[in-house]
Amino acid sequence: MSVRYLAVNWNRQKKVYDATVALAIVALVALFYVATLLTHPHMTPETGLIRGLGITALVLLHVILCIGPLCRLNPAFLPLLYNRRHLGVAMCLTALAHAGFAVFQFHALGDANPLLSLLAGNRALGSVAGFPFELLGLLALLILIVMAATSHDFWLSVLTPPVWKALHMLVYLAYALLVAHVALGAMQAEPGATLPTVLAAGAVAVIGLHLAAGLRERRADREPGADHSNGAWVEVCRVEEIPDGRAKVAVVAGERVAVFRYEGKLSGVSNVCRHQNGPLGEGKIVDGCITCPWHGYQYRPESGTSPPPFDDKVPTYNLKVEAGRVLVAARPNPPGTYVEPALVAPEAPIAPGAAEPDVPPERLTGRMPDSQSAGPPVRRSAHPSDFYIGYLPNAPTALRRHTRQAVGTLAILAGGATLALALAQAPFAASIFEYGHPRAMTGRLIAHPYPMLEVVENGGPTARRYLLAGVGKHGAGPLVGPYEGRRVSVLGALIARGNAAMLEVAAITATDSSGPGIADGEQTVLGSFTLTGEIVDSKCWTGVMNPGEGKTHLDCAVRCLSGGLPPLLVVRDAEGRERHLVLADAAGGPMPRTILPAVGRPVSVAGRVIREGDLLFLHAEPAAIRVLQR
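What this report covers is the structure whose coordinates are included nearby. (Residues numbered from 1 in each chain as written. Predicted model: local features only at pLDDT ≥ 70, side-chain atom pairs only at ≥ 80, totals over all residues. Heavy atoms only, no water.)

**Thoughts on the overall build of the protein chain**
What counts here: We count a stretch as a helix when DSSP gives it H or I for four or more residues in a row; a strand needs E for two or more, and each element gets its number in order from the N terminus. Each residue gets one of three labels from its accessible area relative to the maximum for its type: buried under 20%, exposed over 50%, partly exposed in between, using a 1.4 Å probe on protein chains only. When checking whether two residues touch, look at their non-hydrogen atoms; a contact exists if any pair is within 4.5 Å. Only the protein chains shown count as cover for residues, and all accessible areas are computed by the Shrake-Rupley method using a 1.4 Å probe.
Of the regular secondary structure elements, the protein chain holds 15 helices and 23 strands. Looking at the protein chain as a whole, 51% of its 630 residues are labelled buried. For the protein chain, contacts bridging at least 24 residues in sequence account for 68% of all contacts bridging at least 6. About 28,400 Å² of surface is accessible on the protein chain, with carbon and sulfur atoms providing 62% of the total.

**A short note on a positive patch on the surface**
Applied cut-off: The patches described consist of residues with a relative accessible area above 30% and no salt bridge, like charges being joined within 9 Å and nonpolar side chains (Val, Leu, Ile, Met, Phe, Trp, Tyr) within 5 Å. Think of a salt bridge as a Lys or Arg side-chain nitrogen and an Asp or Glu carboxyl oxygen that are within 4 Å of each other. Neither His nor the chain termini are counted; the positive set is Lys and Arg, and the negative set is Asp and Glu. Here the site of a charge means NZ on Lys, CZ on Arg, CG on Asp, or CD on Glu.
A cluster of like positive charges, contributed by R12, R400, R401 and R404, occupies part of the molecular surface. Of the residues forming the positive patch, the biggest block, three residues, is contributed by helix 12 (residues 397-423). Looking at where R400 falls in the secondary structure, it is placed in helix 12.

**Structural notes on the pairing of strand 19 (residues 567-572)**
Stated formally: Two strands pair if DSSP finds at least two bridges between them.
With respect to burial, strand 19 is a largely interior element, five of its six residues being buried. Inspection of the sheet shows strand 18 (residues 523-537) paired to strand 19 by four bridges, in the antiparallel sense. From the neighbouring strand, V536 faces strand 19, where its bridge partner is L568. Bridging between strand 19 and strand 20 (residues 578-584) involves five bridges; their strand directions are antiparallel. In the strand pairing of strand 20, L568 is matched with V582. The hairpin turn running from strand 19 into strand 20, its antiparallel successor, is five residues long, and G576 in that turn takes a positive phi close to 85 degrees.

**Description of empty space enclosed by the protein**
Here is the rule we go by: Cavity means a closed set of points on a 1 Å grid over the protein atoms alone, one where a 1.4 Å probe fits but cannot get out, pocket means an open set with protein on both sides within 12 Å along at least 5 of 7 lines, and lining means a residue has an atom within 4 Å of a point. Grid points are joined across faces, edges and corners, and a volume is the space filled by probe spheres set on the points. Only Asp, Glu, Lys and Arg are considered charged, only Ala, Val, Leu, Ile, Met, Phe, Trp, Tyr, Cys and Pro nonpolar, and every remaining residue, Gly among them, polar.
Applying the stated rule across the entire model yields five cavities of 30 Å³ or more. When its volume is computed, the second largest cavity comes out at roughly 50 Å³. Lining of the second largest cavity is provided by L467, A500, A501, S538, T542, L568, H580, V582 and L615. Mapped by element, the contributors of at least two residues to the lining of the second largest cavity are strand 17 (500-510), helix 14 (538-544) and strand 20. A breakdown of the residues in the lining of the second largest cavity according to their chemical character gives six nonpolar, three polar and no charged.

**Focus on a nonpolar patch on the surface**
Together, L93, L96, L139, L142 and I145 make up an exposed nonpolar region whose accessible area comes to about 420 Å². Mapped onto the nonpolar patch, the elements with two or more residues apiece are helix 4 (84-107) and helix 6 (133-149). Looking at the nonpolar patch, the element that brings in the most residues is helix 6, giving three residues. Here L93 shows up in helix 4. When its relative accessible area of 52% is taken as the criterion, L93 is described as exposed.

Here is the structure:
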């Protein structure tokens, strides 16, 4: 066997496993995207991709957390455990793609470093409803990255199994952080009970399976003989209770001991594998070695040492047989201590239903390879067995059938949850963003309080005002300075939602061409009001990002408004229709950056409503903006 470390020691099982995982990830993301597109045709592609990747990563994490307790409840799930680290790395990469797209979409192309924007965009740390859920997701992602980076057996050896195991137990902290990330983020933006129900069902499944597995383990620790460790010897079972080639696990002086029967002999070792604390007593004697059922690590039963050149060791126990009873010494020997096996009387029967022992075609010279150890192919034993390690070429037929059924069930549950979440999303507003297809419009350019193009359309007597935006998360202010009050031709992409319209400016050209006269815009004061709604950035809300509102869009709105885009107050009238007002300060100038902490939250704003052309402006002091949700 090899003592070298390889990135992955590929075999057919690993290729099938990884191909299945890759196809599952693509299928779940595609299922979410297509289902959303069919039922919510106004979804923007970026939104579908970000949400699809996030949901897929969360579904995979649930599967990963359920595999462990399922294996404790039913060993037939062990084939899923063998390469679980591959699934973990794939889940981490999926979560990283979700985070990468989200950070780029919500934080890049603005006036701040995207990472700085992520950390400082939302400062409502003292608010439950407004808490920056992105930070919880970031912390969870960092944990998952550390786990993925240290998943290789090289790090297991360097860090030592106890440290490595403790590090990877942080997956439960990452899971809790991700549940909070969804609860404080997407759950607040989506109406209905589907998302809370699916999230709660997943948590119940994870917690329930772990509790069931824990209760089973606890009952096993109370088996007869576990409470008789006051003397030097503890009776654990009768000889005939131990199947040939397998073990009986009992608690001796508070420690689990595995007593193996093989070749007419008995040997006792600690039940804890040195690799990942796997249950050696649930393993089998394969080619003369105790083989751990989790990853196939091997130990000689009489000494607890791995075959050369490996040097892993587990504690051994002295034992003896008296009148058909197996007695184990209460005190373990140091790891690797040779103990002469106890002999089994020739007439001692084998436990009914015990598996027929393997007849090894050859003796191994080292431990079976796990998912990252290199080594030559290992031939399958000649006789069928209910015991299977993932590096062996063929699994028993019944086990293959069970694994296919388990994978199929998990696929149905994962697909069903993904489809339910896609269908339960809030409706997307009908909007337009003609990205990549700029059009030219001619009119009078207005620079204050925000850049606008006043256009007479279809030769009519009235003009329509288009708010202007720069590329990315930037306003058009730097582009319009030389053209204030002049007739210009603006080349830009149209953005529209309802009666709201905007142009993303690509170029501005002054023009002397004649055209219908455009009267100065008249102002009509409609009165003073206190309005309740949400402050959004005009560009995303109008149609560049859908949805462009709510807490999940808060950071992007902060970056857009900080970059000079006009802020809007979106309200609903008495009939539930959506209305928007351009926010300006009391003197009619642009709103200062001090309003940014109020963005993306329910607010009330007191001020004067003024109509200018076809736009409504709300002139208010920044101090008159009050956040309603704390």
